[in-house]
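# Working through the structure, step by step
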Amino acid sequence: VCTLQATDGNAVWSATLTIGHGPAADLAIDPVQAEATEGATVAFGARLLDGSGHEVAADLVAWSSSCATPSPANGATTTFTMGADTGGGQCNVTASWGSLKATAVVAVGHAGPFTVVMTRTNATLETGQSMNFTASVRDANGHTMDGAVIAWTASCGAVAPTTGLVVAFTAPQGAGNCTLHATSS
């Protein structure tokens, strides 16, 4: 608000001017990048800006994503819940107001707890005989974790190599039960 005054002798004229920002020219989203795990929520905000970068009122910003669910779907702020099948990838979140759009990228990781799953849990071997065993690491949603490192140990006999997804177990001399362990950190 600005008041202008003009005087001429004893006469005073005044005018009050209300100066507003220009029309919306840009839409900004915050944060532009985020990290989350599957099932986690991430909060976002959007601001409409005029041509000079001043914030203007944003009545209904629409939110969308192909891999996350917004709550609420309209408004200057919202939260997104990352989908259960987005782990290990990225999720784009878009804010829209008229023809203006802004996009944020969320790097989505797998959700724990993680488990090691062996494809074979029982075997009968003769002394000195070898057999391959395979294991994988899975997240809480059952997705296989690419790049996981598995360490192998045995209560008897021999394992080679001691790390990797596949191990060769060689039965020891003499009869008995052996336990093969696969762990990942």
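What counts and how
- Residues numbered from 1 in each chain as written.
- Predicted model: local features only at pLDDT ≥ 70, side-chain atom pairs only at ≥ 80, totals over all residues.
- Heavy atoms only, no water.
- Helix = DSSP H or I, 4+ residues; strand = E, 2+ residues; numbered from the N terminus.
- Rg over C-alpha atoms; globule rule 2.2 N^0.38 Å.
- Buried < 20%, exposed > 50% of the residue type's maximum accessible area, 1.4 Å probe, protein only.
- Contact = heavy atoms within 4.5 Å.
- Areas by Shrake-Rupley, 256 points an atom, 1.4 Å probe, with all protein chains shown as cover.
- Lys, Arg positive; Asp, Glu negative; His and termini not counted.
- Charge placed at Lys NZ, Arg CZ, Asp CG, Glu CD.
- Pairing = 2+ DSSP bridges.
- Axes fitted to C-alpha atoms, helices over the stretch in contact; angles between N-to-C directions.
- Core = buried A, V, L, I, M, F, W, Y, C linked by side-chain atoms within 4.5 Å.
- Disulfide = S-S within 2.5 Å.

## Regarding the overall build of the protein chain
Helix and strand counts for the protein chain come out as zero helices and 17 strands. Here the protein chain has a C-alpha radius of gyration of 31 Å; the compact-globule value for 185 residues is 16 Å, and the former is much larger. Taken along its principal axes, the extent of the C-alpha atoms in the protein chain is 120 × 25 × 20 Å. When burial is assessed residue by residue, the protein chain has 28% of its 185 residues classed as buried. Contacts in the protein chain between residues far apart in sequence, at least 24 positions, make up 49% of those at least 6 positions apart. On the protein chain, roughly 11,100 Å² of surface is accessible, and the fraction owed to carbon and sulfur atoms is 51%. Distance from the positive charge centre (4 side chains) to the negative charge centre (12 side chains) of the protein chain: 14 Å.

## Details of the pairing of strand β2 (residues 11-17)
The buried count for β2 comes to zero of seven residues, which makes it a mostly uncovered element. The hairpin formed by strand β1 (residues 2-8) and β2 contains two residues between the paired strands, and Gly9 there has a positive phi angle of roughly 70°.

## Looking at the side chain of His110
Topologically, His110 is positioned in the loop between β11 (100-109) and β12 (115-118). When sequence neighbours within four positions are dropped, the list of residues in contact with His110 reads Thr37, Glu38, Gly87, Gly88, Asp139, His143 and Met145.

## Quick word on the sheet that holds strand β15 (residues 158-160)
Where strands meet in a sheet, backbone hydrogen bonds hold them as pairs that are either parallel or antiparallel. If you trace the four strands from one edge of the open sheet to the other, you get β12-β13-β16-β15, paired in antiparallel fashion. Strand pairing shows two members of the sheet lacking a second neighbour, β12 and β15, which therefore form its edges. Between one strand and the next, the sheet's axes are offset by a mean angle of 30°, whatever the strand orientation.

## Some remarks on the nonpolar core
Counting 23 residues, the largest nonpolar core has Ile29, Phe44, Trp63, Met82 and Val106 as its most contacted members. Elements that contribute at least two residues to this core include exactly β3 (24-30), β4 (33-37), β5 (41-50), β9 (77-82), β10 (89-97) and β11.

## Some words on the state of the cysteines
Summed over the entire model, instances satisfying the criterion amount to two disulfides. The disulfide partner of Cys67 is Cys91, and the gap between their sulfur atoms is 2.1 Å. Residues Cys67 and Cys91 are joined through a disulfide that is right-handed, its torsion about the S-S bond being 115°. Of this pair, Cys67 sits in the loop between β7 (62-65) and β8 (68-71) while Cys91 sits in strand β10, placing them 24 residues apart in sequence. Taking relative accessible area as the criterion, Cys67 reaches 17% and is therefore assigned buried. Residue class for Cys91 comes out buried when judged on its relative accessible area of 0%. Through a disulfide, Cys156 is tied to Cys178; the S-S separation comes to 1.6 Å. Where Cys156 bonds to Cys178 through sulfur, the torsion about that S-S bond is close to -115°, and the disulfide is left-handed. Linking Cys156 in the loop between β14 (151-154) and β15 with Cys178 in the loop between β16 (166-170) and β17 (180-183), this pair joins segments that are 22 residues apart in sequence. Here the bonded cysteines of the protein chain are numbered in sequence order, and their pairing is 1-2, 3-4.

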